[in-house]
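Okay, here's what each chain looks like letter by letter:
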Amino acid sequence: MKIIAADVVVTSPDRNFVTLKITTDDGITGLGDGTLNGRELSVASYLADHVVPLLIGRDAHRIEDTWQFLYRSAYWRRGPVTMAAIAAVDVALWDIKAKAAGMPLYQLLGGASRTGIMAYGHASGRDEQELFDSIRRHLEQGYRSIRVQTSVPGINAVYGVAAQPSVDGKRYDYEPAQRTPLPAEEDWDTRAYLRHLPGVFEAVRNEFGPELPLLHDGHHRMTPIQAARLGKALEPYDLFWLEDCTPAENQDALRLVRQHTTTPLAIGEVFNTVWDYQTLIREQLIDYVRSAVTHTGGITAMRKLLDFAAQYQIKSGIHGPTDISPVGMAAALHLDLAIHNFGIQEYMQHGAATNEVFRQSFTFEDGYLHPGELPGLGVELDEQAAARFPYQPAYLPFNRLKDGTVHDW
């Protein structure tokens, strides 16, 4: 089954998405997500200018061979742009293979290991009451696990708080990449954050009880010793995980954090290969792998990464906010359903315009996701709808400390 066409579609219904559509001589099409938030056109160019010409005439069934060819033949390996492009190809080929087999993709990955995929939602608030209201809304929507983000006194804008001001007036937790000519500047004070956050979780536990799984994202903003302090301070509140507590490019730093806290740790949404995890997994310095299928080379690479993690009782926590398109989300769900060491799935619901462009079969009921039973991924692209939403420049914000130093956002 030969590849006869590969088209790159850039569309911006609620935010920018990069989609690769591969067509075979049998008339089967497959979709892959190549979205890289704030740098979408880099991946679109990499695909259109460098990858698509290499695909024409290749056997669509040779997924592993194509993956290795794209990774090794470029010589310049790894990096988010390269790996997002490879992921787009890989997922599209898995979509084609499953459609040719007449099966939902998870069946080709070994079949279901569970009946549903536990998801967590994003609750946030500028104050205690607003946060409590947000948690209640998420519980009413069916979420059984809740990520808690909150404003901090003395800081004007904090990642993940929906109600705080944004330059373009959009919901902040829905899509933090704002449609502005330049990145929005925000402020940060780690000491204020460390003082404030334990009290927030104490209040949430007092209000909602001990059973509700609670998560929190530190978003890379702490040094290792600060992260250790926070993890220890949060131990009485029994977090499901503390995510990205410190920039994990320095894998050795997690040794210090691990020595001081038993709070479970999740790392990896900015990683894009198994090489980024070697020390973290081998020394059991984390509990959950946070990579996205879209940014880590696709299903082929993520399956290998999660099999490696399983040897050390480390589970999945695949990245899944709205900067992952419904195509990328569907790929994650098929993998979630099949692997044994599933942990939890991040899930932010896309807007109506996105759902018009990407028709989906996956479902969310009573706190659990399921990819559906249609052959392939179960997602179809409405190209006419996509054409109504042209690309718009958008940037993620960045932080400065009080003295003007650029800091991790």
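In what follows, the structure referred to is the one given above.
The structure contained in this document is the topic of the report that follows. Being a predicted model, the structure only gives us computed values, none of them experimental.

### Overview of the packing of aromatic side chains
Here is step 1 of the chain: Summed over all chains, the structure comprises 15 aromatic pairs.
Here is step 2 of the chain: A centroid spacing of 5.0 Å and a plane angle of 55° characterise the contact between Trp188 and Tyr193, whose relative ring orientation is tilted. Taken individually, Trp188 and Tyr193 each receive the classification buried, so the pair is uniform in this respect.
Here is step 3 of the chain: Each ring, one from Phe271 and one from Tyr277, has its centre 4.9 Å from the other, and the planes form 85°; the classification is edge-to-face. Across the pair, exposure class does not vary: Phe271 and Tyr277 are buried alike.
Here is step 4 of the chain: Every member of this aromatic cluster is reached through a ring pair, and the members are Tyr120, Phe240, Trp241 and Tyr288.
Here is step 5 of the chain: In this arrangement the basic side chain of Arg15 is found over the ring face of Phe17, its NZ or CZ atom lying 5.2 Å from the centre.
Here is step 6 of the chain: Sitting above the plane of the Tyr193 ring, Arg221 keeps its charged end 5.3 Å from the centroid.

### What about the sheet that holds strand E3 (residues 29-33)?
Here is step 1 of the chain: Strand order in this open sheet of three strands is E1-E2-E3, and the pairing throughout is antiparallel. Strands with a single pairing partner mark the edges of an open sheet, and in this sheet they are strand E1 (3-11) and E3. This sheet shows a mean twist of 20° between the axes of neighbouring strands, independent of strand direction.

Cut-offs used in this document
Residues numbered from 1 in each chain as written. Predicted model: local features only at pLDDT ≥ 70, side-chain atom pairs only at ≥ 80, totals over all residues. Heavy atoms only, no water. Phe/Tyr/Trp six-rings, centres within 6.5 Å; stacked < 30°, edge-to-face > 60°. Buried < 20%, exposed > 50% of the residue type's maximum accessible area, 1.4 Å probe, protein only. Lys NZ or Arg CZ within 6 Å of the ring centre and 35° of its normal. Pairing = 2+ DSSP bridges. Helix = DSSP H or I, 4+ residues; strand = E, 2+ residues; numbered from the N terminus. Axes fitted to C-alpha atoms, helices over the stretch in contact; angles between N-to-C directions.

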